[in-house]
Amino acid sequence: MANKTAESISRDEFFYGHKACAGCGGSLAVRAALKVLGPNVVSVLPAGCMSAVGFNFPQLCFSNNSIISTFAGTASMLTGVEAGLRARGYKDFTAVGFAGDGGTADIGIQALSGAIDRNDNIIYICYDNEAYMNTGIQKSGLTPFGAKTTTTPAGKNIHGNIRPKKNMFEIAAAHDIPYAATASIGNLPDFIKKVQKASQIQGTKYIHVIAPCPTGWGVAPDETVAIAKEVVESGLWYLAEYENGNFKLNYKPKEFSSVEAYLKKQGRFKHLADEDIKLIEASRDKKWEYINKNFEL
Ligand SMILES: Cc1ncc(C[n+]2csc(CCOP(=O)(O)OP(=O)(O)O)c2C)c(N)n1
Ligand code: SF4
Ligand SMILES: [Mg+2]
């Protein structure tokens, strides 16, 4: 199959008319992924922003078959959808999940782990906006260090979230999954390529896409894509793949852009002191030491 690009993906819309806030990164990820996968898709969405904005009866915003799962059950419902359609003789279809960071790294992690363990033939896409946005910006296991949320307030003594972000990509890879990747909606061609690649691989595929939320991050709606690029350029996120037991880095910034500039653009990090920013830079550098040693370029 020819490689799909931003120009050659379907002109058809499969996710439109939804109620996401202006500039929502998650809705861009869902829209682009469905354009790659085409109409023969069943998508499963747990509780979270994308189901809240996409299923407003009678204005259902998916033109492919879509269903809301329990919050914890994205992966187990994908397992059932895939097995059920196969049992009924369907061959040419994709079962894809779109779950948030909370739905993936916290409440849904056991169902995802089980599906990977069984090597069910599904694609699981985590759109990561780094908090439980739909219920009013609470900290999840993927909220980064220092971020202010409604459950990690910033005050004189504690400056937002005191815990680091879990690395779901490497957690999925640790299962020896057939394919896992990271992506950013700031680099759509790379995301599109990874979704297409996942659709051609048998077994469980996991894609983790950074999808900024202007409402929760405190940026303007027209800054979503730029901030999703900047998180990669500053080295606080990386574009990589895991396949056949190997990690591969897809992009290495020549020089990291300023971490401080990235953080200070966002309302959720405005309170950070110089020493907090130094800690964030130091943990980035430690991570890149590991990447440089263990990932192929
Ligand atoms: C079992 C259960 N617990 C809590 C909720 C409430 N709830 C609905 S959406 C949501 C937040 C989801 O956060 P995330 O998965 O990060 O997706 P986002 O809203 O950020 O897109 C929560 C806590 C629920 N629906 N079901
Ligand atoms: S709150 Fe954030 S994630 Fe939810 S719809 Fe709005 S921009 Fe998207
Ligand atoms: Mg979220």
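In this text, all values refer to a predicted model and were calculated from it rather than measured experimentally. (Residues numbered from 1 in each chain as written. Chains lettered and ligands numbered in written order. Predicted model: local features only at pLDDT ≥ 70, side-chain atom pairs only at ≥ 80, totals over all residues. Heavy atoms only, no water.)

A. Here's a closer look at the overall build of the chain. A count of helices and strands for the chain gives 11 helices and 10 strands. Whereas a compact globule of 297 residues would reach a radius of gyration of roughly 19 Å, the chain reaches 18 Å, a difference of no more than 12%. Along the longest, intermediate and shortest principal axes, the C-alpha atoms of the chain span 60 × 45 × 35 Å. With 297 residues in all, the chain has 51% of them scored as buried. Restricting to contacts in the chain with at least 6 residues of sequence separation, those with at least 24 account for 70%. Carbon and sulfur atoms form 54% of the exposed surface of the chain, whose accessible area is close to 13400 Å². When the 32 basic and 29 acidic side-chain charges of the chain are each reduced to a single mean position, those positions are 2 Å apart. (Helix = DSSP H or I, 4+ residues; strand = E, 2+ residues; numbered from the N terminus. Rg over C-alpha atoms; globule rule 2.2 N^0.38 Å. Buried < 20%, exposed > 50% of the residue type's maximum accessible area, 1.4 Å probe, protein only. Contact = heavy atoms within 4.5 Å. Areas by Shrake-Rupley, 256 points an atom, 1.4 Å probe, with all protein chains shown as cover. Lys, Arg positive; Asp, Glu negative; His and termini not counted. Charge placed at Lys NZ, Arg CZ, Asp CG, Glu CD.)

B. Seen up close, the packing of aromatic side chains. Here the structure, examined in full by the defined rule, presents 12 aromatic pairs. Look at Phe169 and Tyr238: their rings are 6.2 Å apart centre to centre, the planes differ by 65 degrees, and that puts the pair in the edge-to-face class. In this pair, Phe169 is assigned in helix H6 (residues 168-173) and Tyr238 in the loop between helix H9 (224-233) and strand E9 (240-243), connecting sequence segments 69 residues apart. By way of ring pairs, the aromatic residues Phe169, Trp237, Tyr238, Tyr242, Phe247, Tyr290 and Phe295 are connected into one cluster. Directly above the ring of Trp217 sits Arg268, whose terminal nitrogen or CZ lies 3.8 Å from the centroid. (Phe/Tyr/Trp six-rings, centres within 6.5 Å; stacked < 30°, edge-to-face > 60°. Lys NZ or Arg CZ within 6 Å of the ring centre and 35° of its normal.)

C. Highlighting unusual backbone geometry. For the peptide bond that leads from Phe57 to Pro58, omega is 5 degrees, which places it in the cis range. Positionally, Pro58 belongs in the loop between strand E2 (55-56) and strand E3 (59-60). At Ile137, a residue that is not glycine, the phi angle is positive and equals roughly 70 degrees. Along the chain, Ile137 turns up in the loop between strand E6 (123-128) and H6. Of note in the backbone geometry, Asp176 takes a positive phi value of approximately 55 degrees without being a glycine. Checked against the element boundaries, Asp176 lands in the loop between H6 and strand E7 (179-184). Given a relative accessible area of 53%, Asp176 falls into the exposed group.

D. Representation of the coordination of the magnesium ion (ligand 3) in the model. In the first shell of the magnesium ion (ligand 3), the protein supplies Asp101 (OD), Asn129 (OD1) and Ala131 (O), at 2.0 to 2.2 Å from the metal. Donor residues for the magnesium ion (ligand 3), ordered by position in the chain, follow D-x27-N-x1-A. Residue Asp101 is located in helix H4 (residues 101-106), and its partner Ala131 is located in the loop between E6 and H6; the two are separated by 30 residues in the primary sequence. Take Asp101 and Ala131: they sit in the same class, and that class is buried. (Donors = N, O, S within 2.8 Å, 3.2 Å for Na, K, Ca; no water.)

E. Fine view of the site of ligand 1. Taken together, 16 residues sit near ligand 1, with Gly102, Gly103, Tyr127, Met133 and Asn134 positioned nearest. Here an oxygen atom of ligand 1 and a backbone polar atom of Cys49 are 3.0 Å apart. Measuring from an oxygen atom of ligand 1, one finds a side-chain N or O atom of Tyr127 at 2.7 Å. Relative to its unbound accessible area of 590 Å², ligand 1 is 71% covered by the protein chains. In terms of residues, the shell around ligand 1 owes the most to one element, H4, which gives 3 residues. Its residues assigned to classes, the shell around ligand 1 shows 8 nonpolar, 7 polar and 1 charged. (Near = heavy atom within 4 Å. Polar contact = N/O pair within 3.5 Å; in protein donor to acceptor, adjacent residues only side chain to side chain. Nonpolar A, V, L, I, M, F, W, Y, C, P; charged D, E, K, R; others polar.)

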